[in-house]
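# Structure at a glance
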Amino acid sequence: MLELLPLVLNIVRRPSPCKNSNLIMLVKGLGKRLLSAATNHSAKNLNGFCAVIQTRNVHAIDTDFIHEHSNKPRILITGALGQLGSGLAKMLRDKYGRDNVIMSDISKASKSVLESGPFLYADIMDPRGLKEIVVNYEIDWLIHFGALLSAVGEANVPLAMKINIEGVHNVLEVARQYNLKCMIPSTIGAFGPDSPRNPTPDLTIQRPRTIYGVSKVHAELMGEYYHYKYGLDFRSLRYPGVISADTKPGGGTTDYAVEIFHEALRTGNFECFLRPDTRLPMMYIKDTLRSTVKFLSFPNDKLTMRTYNVTAMSFTPEELAEEVKKYVPHLKVTYRPDKTKQSIADQWPQVFDDSNARADWNWYHKYDLETMCRVMFEKLASQQKLSTNVTTGDQKIGAM
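The rules we used
Residues numbered from 1 in each chain as written. Predicted model: local features only at pLDDT ≥ 70, side-chain atom pairs only at ≥ 80, totals over all residues. Heavy atoms only, no water. Helix = DSSP H or I, 4+ residues; strand = E, 2+ residues; numbered from the N terminus. Expected span 1.5 Å × (residues − 1). Buried < 20%, exposed > 50% of the residue type's maximum accessible area, 1.4 Å probe, protein only. Arc of directions from axis to C-beta. Contact = heavy atoms within 4.5 Å. Axes fitted to C-alpha atoms, helices over the stretch in contact; angles between N-to-C directions. Parallel < 35°, antiparallel > 145°, perpendicular 65-115°, else oblique. Left-handed = near helix turned anticlockwise from the far one by under 90°. Nonpolar A, V, L, I, M, F, W, Y, C, P; charged D, E, K, R; others polar. Pairing = 2+ DSSP bridges. Salt bridge = Lys/Arg side-chain N within 4 Å of Asp/Glu carboxyl O.

### Some points on helix 4 (residues 85-96)
Compared with an ideal rise of 1.5 Å per residue, which puts 12 residues at 16 Å, helix 4 spans 16 Å between its outermost C-alpha atoms and is within 8% of the ideal. Taken together, the buried positions of helix 4 are Gly85, Leu88, Ala89, Leu92, Arg93 and Tyr96. Projection of helix 4 onto a plane perpendicular to its axis shows the buried side chains occupying an angular sector of 135°, all on one side. The exposed set on the far side of helix 4, more than 90 degrees from its buried face, consists of Lys90 and Asp94. If you follow the buried residues of helix 4, they end up packed against strand 1 (75-78), strand 2 (101-105), helix 5 (111-116), strand 4 (141-144) and helix 11 (285-297).

Here is the structure:
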């Protein structure tokens, strides 16, 4: 029992902001008895304390979610098992503490996710369940990643409307009711064929023609409405295509830029579902996550808008393939445009203008096409324990 003393001291000696007053009263009451027994150095008192716990059927107290640092935000991430959730949770935990960032999803988490920090089941279609989490775990920030991506959404429009629109309504209402900082990411897909494509500014005609894009514009506008109507601290970043070695492609239109690395190492052949000249904005995942943390941390009253473009580079499949061949010279690339995905890509920006993000909250990227490719191959070579050499010129990357 003595190993609990530091935790008990922290709970008993400070006022707790926890909304679950019954739990706090129980912990504090038991804690005071433990402290008293320990102070008197009496084994009899300690044994008596343990007997009280057994008598009251209090076998264990879950301390995983106790708010250890009241000056740091408690953060809930929905849809956290997707491409960005795990990485963002790690970065936020490094900044605010492991137990102050709670991942959630409707899917079963892996052992590594469960061991990395708090994880809960949370369904955005169940607003009561979301409210219970917000109250019970003292949530201050709500980051909503749950969504169906572009090509997947086009294949199941009713489901996309349910998740991407109704789900957003639930998230915004919970954030309003409990005065949370709320971030709902947007996308290059929020623009359409009538938008200027090179460059595409923050404020312009959008009018997308995919359900994914329509739902993202809806989220942007609803978030701004809640900000001006209710004072909600709503924020959104329009992400470009995100490239990562840590997660598998999820059915998005820009996912060719992830698949090519895997296929280059696995088979040496890659069939691209877009034309070779299809230019789209992209970002390496570390830049994406870094921009998100920086944006979330920036003072609300210093932002000049609620939704910003962010980007790092723009390239075509052909340009990416040439860079990849510096590491896998034998790579053979063919092009077989998918009608749906090509149609989507032809409506999206070619170059993103993120000058407002750079001016307002000092955003800057670290990875361009060259450095992104180098890091991707280093990570994938390490993950796959390659027995073959991946080279660039006379430099070997990830030889095992």
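### Considerations on unusual backbone geometry
Geometrically, the link from asparagine 198 to proline 199 is a cis peptide bond, its omega value of 0° lying close to zero. Counting through the fold element by element, proline 199 comes out in the loop between strand 6 (186-187) and helix 9 (211-230). If you check the backbone angles, glutamate 138 has positive phi at about 55° while not being a glycine. With respect to the helices, strands and loops of the structure, glutamate 138 is situated in the loop between helix 6 (127-136) and strand 4. Judged by its relative accessible area of 7%, glutamate 138 falls in the buried class. Residue asparagine 362 is not a glycine yet carries a positive backbone phi of 60°. For asparagine 362, the location among the structural elements is in the loop between helix 14 (355-360) and helix 15 (369-384). A residue is classified by how much of its surface remains accessible, and asparagine 362, at 46% relative accessible area, is partly exposed.

### Here we look at the packing of helix 8 (residues 157-177) against helix 9
Running from N to C, helix 8 and helix 9 point in directions that differ by 15°, and their axes come no closer than 10 Å. Overall, the two elements helix 8 and helix 9 adopt an arrangement that is roughly parallel. Here helix 8 and helix 9 pass one another in a crossing that is right-handed. Where helix 8 abuts helix 9, its residues Val157, Ala160, Met161, Asn164, Ile165, Val168, His169, Leu172, Glu173 and Arg176 lie against Ile211, Tyr212, Ser215, His218, Ala219, Met222, Gly223, Tyr226 and Tyr230. Its residues placed into classes, the contact of helix 8 with helix 9 shows 12 nonpolar, five polar and two charged.

### Some details on the environment of asparagine 156
Relative to the helices and strands, asparagine 156 resides in the loop between helix 7 (150-155) and helix 8. C-alpha of asparagine 156 to C-alpha of isoleucine 211: the two residues are 55 residues apart in sequence and 9.4 Å apart in space.

### Notes on the environment of serine 343
By the element assignment, serine 343 lies in helix 13 (residues 339-345). Residue classification places serine 343 among the partly exposed positions, given a relative accessible area of 37%. Expressed as a C-alpha distance, the spacing of serine 343 and proline 193, which sit 150 residues apart in the sequence, is 10.0 Å.

### Observations concerning the sheet that holds strand 12 (residues 313-315)
Strand order in the open sheet formed by three strands is 8-10-12, with mixed pairing between adjacent strands. Each edge of the open sheet is held by one strand with a lone partner, namely strand 8 (241-243) and strand 12. Pairs of neighbouring strands in the sheet enclose a mean axial angle of 45°, with direction left out of account. Its contacts with the sheet place helix 10 (residues 256-266) against strand 8, strand 10 (280-284) and strand 12, and it is angled at close to 25° to strand 8.

### Structural notes on the pattern of salt bridges
Going through the model one piece at a time under the given rule, you end up with 19 salt bridges. Linking arginine 176 and glutamate 173 is a salt bridge whose minimum nitrogen-to-oxygen distance equals 2.9 Å. Linking arginine 176 with glutamate 173, this pair stays in helix 8, spanning three residues, or about one helical turn. Between arginine 275 and aspartate 346 there is a salt bridge, with its nearest N and O atoms 3.2 Å apart. In this pair, arginine 275 sits in the loop between strand 9 (269-272) and strand 10 while aspartate 346 sits in the loop between helix 13 and helix 14, placing the two residues 71 residues apart along the sequence.

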